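The chain contents come next:
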There are 2 protein chains.
Amino acid sequence: MNLPLDTPAVLVDLDIAEANVRAFQSYCDSHGLQLRPHIKTHKLPRLAKFQVQQGAIGITCQKITEAEAMVANGDIHDVLLTYNILGREKVARLRALSDRVRLSVVADNITVAQGLSDGFADAATPLPVLVECNTGADRCGVATPAAAAALAQAIKDLPGLQFAGLMTYPPAGAATAVTTWLAEAKDLIETTDLTVDVISSGGSPDMWRAHEMPMATEYRIGTYIYNDRSLVTRGTCQWSDCALTVLATVVSTPTETRAVIDAGSKVLTSDLLGLDGFGHVLGHPDLTIDQLSEEHGRIVSDAPTGLSVGDQLRIVPNHACVVANMLEHVTLLRGDKILGPEPVAARGQVW
Amino acid sequence: MNLPLDTPAVLVDLDIAEANVRAFQSYCDSHGLQLRPHIKTHKLPRLAKFQVQQGAIGITCQKITEAEAMVANGDIHDVLLTYNILGREKVARLRALSDRVRLSVVADNITVAQGLSDGFADAATPLPVLVECNTGADRCGVATPAAAAALAQAIKDLPGLQFAGLMTYPPAGAATAVTTWLAEAKDLIETTDLTVDVISSGGSPDMWRAHEMPMATEYRIGTYIYNDRSLVTRGTCQWSDCALTVLATVVSTPTETRAVIDAGSKVLTSDLLGLDGFGHVLGHPDLTIDQLSEEHGRIVSDAPTGLSVGDQLRIVPNHACVVANMLEHVTLLRGDKILGPEPVAARGQVW
């Protein structure tokens, strides 16, 4: 039966999202690991607040506007911004934010650290800066433990900054190698007058194996609150754990084995994350969303689809974090009960 | 030299965009083809207005909110909505829009046509409906000329509707086959009391070959105003014709051959359109954007990148239409002169 909603809509089932938050908080609690959820996945202050109420030590943000929105509306007191913030105006925004919340940031190079220092040199309390380490994911991060130690020392020496620990986004399934890397960096740093009080790791794919890297003091994770097709495919969760779905309507059934829905790349996005097709149609494992144009999704099947124009479908997208960012509002529900639209904060911003 | 702008920013060079509009308008004029630009690419009322001022007969929209925004702010009097609009509330919005502008829509099935009729049965003037034809692109569209003729007749017989012609999004490089298909449909329809006054075709890749299908009375095209990497790669335009670029800053240079910019999938999008990598870095043909996370783009090169933290780069994205939809504002400029931010209308809407 169709829901009384216009489509395409991004649905968030709060019952499932809250259960996901509770389950991983409980796991972290049982392993003595501090949880710092990444709110880039949902961008909803009410969910950030819920995550903290359940025991998270604070939140992780990727952009300044995300942090500002969560602090303003989410009753949040501790934010880690896991991004090399660069530029005088952005650093000034950081400074303003640091007056309102316990803010820490990361740096993986001296240019970023110097820029942060320029903005915080006359601050009453220094800005905590973690050194971002490349432990194998080959994105950002200093390349070696020695480079981590050198940058830690440089941060300590810069006015207005305080070395606050190490941060990494580790490659999946590499706990041993990552631990070796971080232990070497920690040892090098602690041969000086510095201590490594925080080691921040993260990632959804390995979330249930976070305890295999006990030297991490905190864990950052975003997707776990919604889950998505990529995490189901990796075995991290089940379809019934997916809190975010896209509700779409069949607008055309040109042939028996092809149908077209009103959700395209401007809702589902083209993120593949290594998968075939652009989402999983719940209850229809035989259907493949094989092609997206901007406002259309094409569904194909080897057998007749059985779909009619006007049918609604619920789709688990490949990647929840980007889909949650596409519409101004998500629609909250609890099971069959529709609660209504909720604005997605700080989407579409430069900062 | 860096532009005095925060990044990531979506830049639109109006000089280039206007030259693109003029060039294709001139082509259409010289071939007696009516131009109906698709505004999904830019979603800027000022550019829709410019397109009409230069000679376009009206605009094409893909969503009701796009049409509403262009009519409200773009001084637009003729809109074709190339979408199967379904649902009582959406049809009511169409009805309201049809009071303000010469509105026409498409349908490829009787369910959609019946829904339109339900909403327009008591309208003072009937709603013009074109039959969408699948001439080989295998998205929406009736499957055969006979089906097109049957739907045309059904539309004619439904209260409040008027059969207005044929519409197709043709596959690239198939003008002969498409012409055969449409000619057969036209002949079938015109054996009855109906005439096919409008044949609407379109598509950017084949834009300079539009005259090879002279039976089309109008041409719909979106990307041509901005152009993008996919069209440069196909030979449709040059890099210097690309009006939309993403301005990004290098935030990390972890190794000599790897750099990270502050533009990820939430700006550049994951649209590949058959290409390798996620955009072309202007002036740096040696660099590849090989990986995006949400707020980071990874640049790799076989040789040292020569990039430093703080450097700005301008990137031609693979697909301009989806990038223009990602931020609340684009930044308008003319060459080196920055004009300022311009809100992108009707992005992130359900309708």
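One can find the structure itself at the top, above this paragraph.
Residues numbered from 1 in each chain as written. Chains lettered and ligands numbered in written order. Predicted model: local features only at pLDDT ≥ 70, side-chain atom pairs only at ≥ 80, totals over all residues. Heavy atoms only, no water.

### Notes on the relation of the copies chain B and chain A
Part 1 of the reasoning: By a simple turn and slide, chain B fits onto chain A: the slide is 0.0 Å along the axis, the RMSD is 0.0 Å, and the turn is 180°. Here the transformation between the copies is reduced to the relation of a two-fold axis. Closest approach to the rotation axis among the C-alpha atoms of chain B is made by Ser 270 of chain B, whose C-alpha sits 2.6 Å away.
Part 2 of the reasoning: An overlap of 100% is found between the interface residues of chain B and their copies at the interface of chain A, pointing to a shared contact surface. (Least-squares fit on C-alpha atoms with pLDDT ≥ 70 in both. Contact = heavy atoms within 4.5 Å.)

### Looking at the packing of helix 3 (residues 64-73) of chain B against helix 4 (residues 88-98) of chain B
Residues and elements named next belong to chain B.
Part 1 of the reasoning: For the pair helix 3 and helix 4, the least separation of the axes is 11 Å and the interaxial angle reads 20°. Between helix 3 and helix 4, the crossing angle belongs to the class labelled roughly parallel. For the pair helix 3 and helix 4, the sense of crossing is left-handed. Each of Ile 64, Thr 65, Ala 67, Glu 68 and Val 71 in helix 3 lies in contact with helix 4, whose residues at this interface are Lys 90, Arg 93, Leu 94 and Leu 97. (Axes fitted to C-alpha atoms, helices over the stretch in contact; angles between N-to-C directions. Helix = DSSP H or I, 4+ residues; strand = E, 2+ residues; numbered from the N terminus. Parallel < 35°, antiparallel > 145°, perpendicular 65-115°, else oblique. Left-handed = near helix turned anticlockwise from the far one by under 90°.)

### Side note on the sheet that holds strand 4 (residues 78-84) of chain B
All names here are of chain B.
Part 1 of the reasoning: Strand order in this open sheet of eight strands is 2-9-8-7-6-5-4-3, and the pairing throughout is parallel. Every other strand in the sheet has two partners, leaving strand 2 (34-37) and strand 3 (59-61) as the edge strands with one partner each. Looking at each pair of strands side by side, their axes are set apart by 30° on average, direction ignored.
Part 2 of the reasoning: Looking at chain direction, strand 7 (residues 161-168) and strand 8 (residues 198-202) are connected through three bridges and run parallel. Its bridge partner being in strand 8, Gly 165 is matched across the sheet by Val 198. (Pairing = 2+ DSSP bridges.)

### Focus on the interface of chain B and chain A
One frequent convention defines the size of an interface as the accessible area lost when the parts assemble.
Part 1 of the reasoning: Contact residues are listed per partner, giving 57 residues for chain B and 57 residues for chain A.
Part 2 of the reasoning: Roughly 4,600 Å² is buried in total at the junction of chain B and chain A, and carbon and sulfur atoms are behind 50% of that figure.
Part 3 of the reasoning: Where chain B packs against chain A, one counts eight salt bridges.
Part 4 of the reasoning: A salt bridge links Lys 40 of chain A to Glu 294 of chain B, with the shortest nitrogen-to-oxygen separation between them at 2.9 Å.
Part 5 of the reasoning: Applying the counting criterion to the chain B and chain A interface returns 30 residue pairs in polar contact (both at pLDDT 80 or more).
Part 6 of the reasoning: Those elements giving two or more residues to the side of chain B that touches chain A turn out to be strand 4, helix 4, helix 5 (110-120), strand 10 (244-255), strand 11 (258-261) and helix 9 (320-323) of chain B.
Part 7 of the reasoning: With five residues, strand 10 of chain B is the largest single contributor of residues to the side of chain B that touches chain A. (Buried area = accessible area lost by both parts, 1.4 Å probe. Salt bridge = Lys/Arg side-chain N within 4 Å of Asp/Glu carboxyl O. Polar contact = N/O pair within 3.5 Å; in protein donor to acceptor, adjacent residues only side chain to side chain.)

### Some details on the packing of aromatic side chains
Residue and element names in this part refer to chain A.
Part 1 of the reasoning: With the rule as written, the count across this model stands at 10 aromatic pairs over all chains.
Part 2 of the reasoning: Arranged with centres 5.4 Å apart and planes meeting at 80°, the rings of Phe 24 and Trp 208 form a pair that is edge-to-face. Of the two residues, Phe 24 is situated in helix 1 (residues 14-30) and Trp 208 in the loop between strand 8 (198-202) and strand 9 (218-221); the sequence distance between them amounts to 184 residues.
Part 3 of the reasoning: Relative accessible area serves as the criterion here: at 0%, Phe 24 is assigned to the buried category.
Part 4 of the reasoning: Judged by centre distance (5.9 Å) and plane angle (55°), the ring pair of Phe 24 and Tyr 219 falls under tilted. One end of the pair, Phe 24, is in helix 1; the other, Tyr 219, is in strand 9, with 195 residues separating them in the sequence.
Part 5 of the reasoning: On the basis of relative accessible area, Tyr 219 is assigned to the buried category, the value being 4%.
Part 6 of the reasoning: Here a set of aromatic residues connected by ring pairs shows up, and it is made of Phe 24, Tyr 27, Trp 208, Tyr 219 and Tyr 224.
Part 7 of the reasoning: For the cation-ring pair, Arg 95 lies above Phe 120, with the distance from its terminal atom to the ring centre recorded as 5.9 Å.
Part 8 of the reasoning: A cation sits over an aromatic face here: Arg 139 above Tyr 169, 4.5 Å from the ring centre. (Phe/Tyr/Trp six-rings, centres within 6.5 Å; stacked < 30°, edge-to-face > 60°. Buried < 20%, exposed > 50% of the residue type's maximum accessible area, 1.4 Å probe, protein only. Lys NZ or Arg CZ within 6 Å of the ring centre and 35° of its normal.)

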